[in-house]
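# Secondary and tertiary structure notes
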Amino acid sequence: MPLATAKLALQEARRPRSSRLTDACQQPCPLEGLRGWRYAWRTVFDGEDEAQISVTTIERSLASLTRHPERASAALMRADILHETSAENNVAESGWRQLGFVSRRLVPRNPRKDQPMVQDCFMFSRGDVLLAVWTVGDETLASGIPYYHPRVRALAFEFRRTDAELRIAHIPLAEVADDDDKVLRTLQNLLLLVRQFALTESRALAAGQVYTPRVVHDVVVGRERYQDRQQQLKLAYAAHYVSQWAESTSPGKHVFEDICIAAWLLELWSTSSPTPVAFVDVGCGNGLLVDILLREGLKGYGFDLRARKSWSHELLFVPAKTPGRLITRVLCPSFIDDDDVINHGTISDLAIMDGRFAAEEFLIGNHADELTPWIPLLAALSSPAVQGECAVPGGFMVIPCCTHGFDGSRSPQYTRPLHRSTGGDAGLRSRYARYVAFLIEVAESVGWRVEREFLRIPSTRNIALIGRVRNAVELTDRTLLTDDERAHGTSVTQQTLLTRLCRKVVNERGGARGFLEHARSLATAKSSASH
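Below is a summary of the structure that appears in this document. (Residues numbered from 1 in each chain as written. Predicted model: local features only at pLDDT ≥ 70, side-chain atom pairs only at ≥ 80, totals over all residues. Heavy atoms only, no water.)

### Some thoughts on the sheet that holds strand β11 (residues 299-304)
Keep this limit in mind: A pair of strands is considered paired only if DSSP assigns at least 2 bridges between the two. Numbering of helices and strands runs from the N terminus; a helix is a DSSP stretch of H or I covering at least four residues, while a strand is a stretch of E covering at least two. Where helices are involved, their axes are fitted lines through C-alpha atoms of the stretch in contact, as for all axes, and angles between N-to-C directions lie from 0 to 180°. We call two residues contacting when some pair of their heavy atoms lies within 4.5 Å.
Read across the open sheet, the seven strands follow the order β12-β11-β10-β15-β16-β18-β17; overall the sheet is mixed. If you trace the sheet from one side to the other, it starts and ends with β12 (326-328) and β17 (448-454), each paired once. With direction set aside, neighbouring strand axes in the sheet form an average angle of 25°. The sheet contact formed by β11 and β12 spans three bridges and is parallel. Within β12, the residue paired with Asp-304 across the bridge is Thr-328. In this fold helix α11 (residues 431-445) packs onto β16 (389-399), β17 and β18 (463-471), with an angle of close to 150° to the strand it touches most, β17.

Okay, structure coming up:
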């Protein structure tokens, strides 16, 4: 048997068994006005599955699918919960108990193609029977059911513990045949999805395991706000950026990734206090993120060590009309020791950015590569002096990608032990995780309280580190003073001590020797990279 055929046979053997039902059924729930239910499919749990399955696991699976319909359809973005109750009420004389009710709005990914719809979801029980009923509202029926939803008036999932049977029933629309192929395929997929959720939940409980997500999204910015803004920007700009793409890289990733990042930043800033007055995109690459933020009314600019094709192309609207929004500069932080950098390379032929920014400017490092570790230090030096812990008008956000050290190499030196707050030993199982912990350690060493967010972007490098709040740093370390200052007790400003602390942080982690030479080689190289 060919390998491909064998794999297909194995997949079919493992596929949960389901069978068609064509019989009409009595009204499976006490909801008034719902008549004409037709059972479509059933699946039977047998063997070990039957012993593990329970009403509780089925209920949890249905509740999960109620809150996360996007797990059943790629056309859906989420469900907004409009109303919810968990009160247990006896229903009429039928013996049913209503366990819960959720009114949800299904939000499609493409609002130009599909419309949102409201759906009421009920949960009932009677004896060893669990029943979930999802009904379509009258307004949706009048205007037309969206493409992503089966053409039915209502759906019901019925689980009977005595025979370990899970069924799905529906009330078809008047104009839809009972045996409509598309409706039946959709119902079967829903049935098998609930079955798989329930089995996974049951096996985890039997093994004494509690499911915990690998990552937790939407900690800093709420999902609904972010997704709504992302959808708005996508409709406004995506088609233009894709059609006018000037770089040699694929627009499919870069356009939609930068739209997602812009949406997230806009929502972050909308709730920040104080709100950043302007932004600086450090290592801005193709300039797309700068253009989106400028179009949305923000003030700011981006710089990189080499201009990109997009900068002089009609792809970018605002920078082309407003000079100075995208500039060519090589970052050479003012606090770097001369012996480490400047004496090892001539800088007269390079346009230098010294890293001094206004206090109200928010620094962005979107896959800024060699510049990434510098950004928390530069943001600290640019922010005003703080007493205790307080929010600052500027701040920073970096999305680490390649693991670069302060010298520009891909081998950062982790010369200090990592604190538990950066993830501890258990969280450092990969090179990337260790680098993220390194960046958090750098930021915390100059007073930042670092927030972490797993962004919903099309990239595996999706961790954002955010600094909006700073603590007063203890600057009594006598190593920050010169011999003369220690001998004479000379007073030194807090800003000077913070500058020396930043220099010390760099030197303790390998120093910056070779940084400018590396930057020069990148600035003069012919590359098609857009980031």
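### Quick look at the nonpolar core
How we decide: Nonpolar cores were defined as sets of buried Ala, Val, Leu, Ile, Met, Phe, Trp, Tyr and Cys residues, with membership established by side-chain atoms within 4.5 Å. Each residue is assigned to one of three classes by its accessible area relative to the maximum for its type, calculated with a 1.4 Å probe on protein chains only: buried under 20%, partly exposed between the two thresholds, exposed over 50%.
Core analysis: the biggest nonpolar cluster contains 49 residues, and Phe-303, Leu-363, Trp-374 and Leu-377 have the highest contact counts within it. Secondary structure elements with two or more residues in this core: β10 (278-282), β11, α10 (375-382), β16, α11, β17, β18 and α13 (494-508). It is α11 that provides the largest number of residues to this core, a total of eight residues. Setting aside chain neighbours within four positions, we find Leu-377 in contact with Phe-335, Phe-406, Val-442, Val-446, Cys-502, Val-505 and Val-506. Of all hydrophobic cores here, the second largest spans 40 residues; its members include Tyr-226, Phe-362, Met-397 and Ala-464.

### Some thoughts on unusual backbone geometry
Phi angles above zero are rare outside glycine, and Ala-164 is one such case at about 50°. A positive phi angle is found at Asp-218, which is not glycine, with a value near 60°. For Asp-218, the location among the structural elements is in the loop between α5 (181-206) and α6 (223-243). Relative accessible area serves as the criterion here: at 24%, Asp-218 is assigned to the partly exposed category.

### Let's talk about the environment of Val-392
Topologically, Val-392 is positioned in strand β16. Val-392 sits 75 residues away from Gly-467 along the chain, and the two C-alpha atoms are 9.1 Å apart. Apart from residues lying up to four places away in sequence, Val-392 is in contact with Pro-274, Ser-383, Val-386, Trp-448, Arg-468 and Arg-470.

### Section: the environment of Met-353
Here Met-353 is to be found in strand β14 (residues 352-353). Looking at Met-353, the relative accessible area reads 11%, which means it is buried. Through-space distance from the C-alpha of Met-353 to that of Leu-305 is 9.5 Å; in sequence the pair is 48 residues apart. The contacts of Met-353, once residues within four sequence positions are left out, are Tyr-301, Phe-303, Ile-327, Arg-329, Val-330, Leu-331, Cys-332 and Pro-333.

### Some details on the packing of aromatic side chains
What counts is decided by this rule: Between the rings of Phe, Tyr and Trp (Trp by its six-membered ring), a pair exists once the centres lie within 6.5 Å; its type follows the angle of the planes, with under 30 degrees stacked, over 60 edge-to-face, and the other angles tilted. Only when the NZ of Lys or the CZ of Arg is both within 6 Å of the ring centre and within 35 degrees of the ring normal is a charge said to sit over the ring.
Throughout the structure, instances matching the rule amount to 14 aromatic pairs. The interplanar angle of 55° and the centroid separation of 5.3 Å between the aromatic rings of Trp-374 and Phe-515 together place this pair among those described as tilted. Separated by 141 residues along the polypeptide, Trp-374 in the loop between β15 (361-366) and α10 and Phe-515 in helix α14 (residues 515-524) bring together distant segments of the chain. There is no split in this pair, since Trp-374 and Phe-515 are both buried. Seen from their ring centres, Tyr-435 and Phe-438 are 5.8 Å apart, and the 20° between their planes marks the pair as stacked. In this pair, Tyr-435 and Phe-438 both sit in helix α11, three residues apart, roughly one turn of the helix. For Phe-438, a relative accessible area of 2% translates into the label buried. Among the aromatic residues, those joined into a cluster by ring pairs are Phe-335, Trp-374, Phe-406, Tyr-435, Phe-438 and Phe-515. Positioned above the aromatic ring of Tyr-147 is the side chain of Lys-113, whose terminal nitrogen or guanidinium carbon lies 5.2 Å from the ring centre. Sitting above the plane of the Tyr-432 ring, Arg-461 keeps its charged end 4.2 Å from the centroid.

### Comments concerning α5
Every α-helix carries 3.6 residues per turn, so stepping three or four residues along brings you back to the same face. Heads up, the condition is: Take the residue count of a helix, subtract one, and multiply by 1.5 Å to get its expected span. Counting of polar contacts relies on pairs of N or O atoms within 3.5 Å, with two restrictions inside protein: one atom must be capable of donating a hydrogen and the other of accepting it, and residues adjacent in sequence are counted only when both atoms are side-chain atoms.
Here α5 spans 37 Å end to end across 26 residues, near enough to the 38 Å set by a 1.5 Å rise per residue. The opening residue of α5 is Asp-180, an N-cap whose side-chain oxygen sits 3.3 Å from the backbone nitrogen of Lys-182. Just downstream of α5, Gly-208 is the residue with a positive phi angle, here 70°.

### Examining helix α7 (residues 251-271)
The end-to-end C-alpha separation of α7 is 30 Å, in line with the 30 Å expected for 21 residues at 1.5 Å each. Within α7, 15 of the 21 residues are buried, leaving the element largely enclosed by the surrounding structure. The backbone nitrogen of Gly-252 lies 3.2 Å from a side-chain oxygen of the residue at the head of α7, namely Ser-250.

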